[in-house]
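# Structural features, examined
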Amino acid sequence: MLNRPLSLWQIPLLLVALALVLFPIFWLVMTAIKPPIDWNASPAIWIPSEPTLINFRTLFDPAAIRAYGVGGVSQAATKAVVGSIVASVSATFLAVALGLVSAIGLSRYSRTNWSTPLVILSGRMFPPAAIAVPFVIIFSLTSLMDTYPGLVAIYTAVTLPFSTWMLKSFVDDLPREMEEAAMLDGKSRIMAHLTVTVPLIKGGLFSTTMLVFILNWSEYMFAQVLSNTELATIPVQLAKYVTATAGTLYGVQAALAVLAMIPLILGGFFIQGHLARGLTFGAIKK
Amino acid sequence: MTVFEGLEAQELTKRYGPKKALEEASFVAEKAGFTVLLGPTGAGKTTTLRLLSGLEPQTKGRIYLDGREVSGLAPKDRDLAMIFDNLALYPNKNGFENLASPLVQRKRPLSEIRQKVYSLAEKLNLTLVLDRLPKTMSGGEKQRLALGRALVREPRFFLLDEPLSSVDAPLRFKLRSELKRLQKQEARSFLMATPDFAEALAVGDKIITLNKGRVTQIATPKDLYARPVDLTTATFVGSPPINLFKGRFEGGALSFLGLRCPCPGPLAKILMASPRDFTVGLRPENAALILPPNEPRPEDIVGAAPLVDIEPLGRTLAVTLKLNGERLTTLASAAVLSRLTLGQEIKFKINEPESVLAFNSAGRNFLA
């Protein structure tokens, strides 16, 4: 935690960084409440004079935008929102749960220092696009194309290396004597890990969950390649707001993006308090 | 047949791949006794304790506790308590919860837990930290809390892995006598690992020395000091370290530093049979300076050499003389400091010639 005052040269740097991060969000939120005529007006309109919720209504009622004389898309975003929630939540749960088990295993019970973790990470050593085509073939053969179990499986596989590595670093930081003390005091190995290791890496568990969720939530390529009629996610839906008649429906896109940001912002606030590393401070000699 | 009461290790061996951490260590630690595992870092002390506790499986060997084989049992089924060198207090639990955890995990009734924790907290002077987290406690408090967490239960044996290494010297001194008192008062069975020979000599009923994964000697503190089994042990135990000289056996006497020193009978017998060169060990306290106006008595074994180093140790001085390329360190009272100058030729004598040690070319004590 930062608890010394900022020095003078740090303030302008921070302001620039802040502007870089916040400006796109500001623009996104403004676009979401602009009527179609303002979407790509030139010169650009910074703050709409007549803010409207029509873009948000269009997400769930695609015909609504026609009142503004703009052609819509046929499909409501509802399915994509539900789909994203289902896929991201289940894949995140799986990746973090499996990652936790692997992390404890690698950190505590593996004698190879780096080869196994490296093999796990090798799943991320090439661009995802390289494995998309093989996946399409495998999924077609196994009837996993265009299904949620298929998407959840691939998301889990892709994020598991991250969760394993991140969680491993948290477990590594925790002296093994913590859980060993519990074992001598009467706990089995599994119970010692569940009641001592896991609570002590709670912060790491939350931040890993958050990161994996963000990766899944914003994933576009696999969802696009693997989906047809059954499967839908928010990033795929975002790409659908491009119509032949009216060009890109910027406002509607922005509205969906704003909705998509909400769970991440809430999640961020929720885990902020748990992000303190060095929870073990003071309990062991260093 | 009587069953041995205590902890017994038989040819305990641990290898990590090709690396030998412990080789065929066999020893016993008596029930209600204070046994110390003494050795430098990397000697295998922690490995020994981890094997005994079941936290790691041994490559080979057996472990018995009060006559029952526990070699393959899980840590929780061995009924041992361990204090780790980093203490491993639960950082998210306060003093009370830390102390109570072994009882809670064994599902003791709440009334019993309360009663035991409070009475132990009183005994260990921990009452004031019961509602505080470890991070707010002082070094001594954490140390006592870790001790308390082990003591709260009544396990068959206590394993202590350098338990005092994290506290400052004055506190360590106080805690080690407290540790000894606790052990004796309640007839607890302790096996403690330490790299500090002074600590081992101070608290141990019996000392097991380890070096490079092997048990080198098992002895009482007195015997360990008086009759170290080899050069490594002799050097490791004692401060300033024992003086070592090239020695010869001539005409029934030990000859070293140009002095002739009567040879104790048993040693003479051995040396007579193998009159090769060997190493003589002389503890600093077995030599003394003779400063004017004192004169040596005729029966004294006396030499003289220039003074090359003085190291003040508080009430005493470690004084080093150099003779024929060999160095002799001895102790003197701090009061004589003003009478010493570097380079000055000083007379010295050998005290208790019968306590002189002799080691063969392989470093083993002839009399071990």
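In case you missed it, the structure is sitting above this.
Residues numbered from 1 in each chain as written. Chains lettered and ligands numbered in written order. Predicted model: local features only at pLDDT ≥ 70, side-chain atom pairs only at ≥ 80, totals over all residues. Heavy atoms only, no water.

## A few points about the packing of aromatic side chains
Residue and element names in this part refer to chain A. Throughout the structure, instances matching the rule amount to 14 aromatic pairs over all chains. Their ring planes at 40° and their centres at 6.2 Å tell us that Phe-23 and Phe-26 sit as a pair that is tilted. Residue Phe-23 and its partner Phe-26 are located together in helix α1 (residues 10-32), separated by three residues, close to a single helical turn. Judged by its relative accessible area of 38%, Phe-23 is partly exposed. Taking the centre distance of 5.5 Å and the plane angle of 80° together, the rings of Phe-135 and Phe-139 count as edge-to-face. With Phe-135 and Phe-139 both in helix α6 (residues 128-141), this residue pair falls four residues apart, about one helical turn. What makes Phe-139 buried here is its relative accessible area of 4%. Members of the aromatic cluster, joined through ring pairs, are Phe-23, Phe-26, Trp-27 and Trp-46. (Phe/Tyr/Trp six-rings, centres within 6.5 Å; stacked < 30°, edge-to-face > 60°. Helix = DSSP H or I, 4+ residues; strand = E, 2+ residues; numbered from the N terminus. Buried < 20%, exposed > 50% of the residue type's maximum accessible area, 1.4 Å probe, protein only.)

## What to know about the sheet that holds strand β6 (residues 80-83) of chain B
All names here are of chain B. What the six strands build is an open sheet, ordered β6-β7-β8-β3-β9-β10; its pairing is mixed. Each edge of the sheet is formed by a strand with only one pairing partner; in this case those strands are β6 and β10 (214-219). Ignoring strand direction, the axes of neighbouring strands in this sheet form an average angle of 20°. Pairing of strand β3 (residues 34-38) with strand β9 (residues 206-211) involves four bridges; the strand directions are parallel. From the neighbouring strand, Leu-38 faces β9, where its bridge partner is Thr-209. Lying on the sheet, helix α4 (residues 139-151) is in contact with β6, β7 (157-161) and β8 (190-194); it crosses β6 at an angle near 175°. Its contacts with the sheet place helix α5 (residues 169-185) against β3, β7 and β8, and it is angled at close to 140° to β3. (Pairing = 2+ DSSP bridges. Axes fitted to C-alpha atoms, helices over the stretch in contact; angles between N-to-C directions. Contact = heavy atoms within 4.5 Å.)

## Digging into the sheet that holds strand β5 (residues 68-69) of chain B
All names here are of chain B. Judged by pairing direction, the sheet is antiparallel, and its four strands sit side by side in the order β2-β1-β4-β5 without closing on themselves. Only two strands of the sheet have a single partner each, and these edge strands are β2 (19-30) and β5. One ladder, built from five bridges, connects strand β1 (residues 6-16) with strand β4 (residues 60-65); its direction is antiparallel. The residue bridging Ala-9 from the neighbouring strand is Ile-63, located in β4. In the packing of helix α1 (residues 45-53) onto the sheet, the strands contacted are β1, β2 and β4, and the crossing angle to β1 comes to about 115°.

The analysis is restricted to geometry; functional conclusions fall outside its scope.
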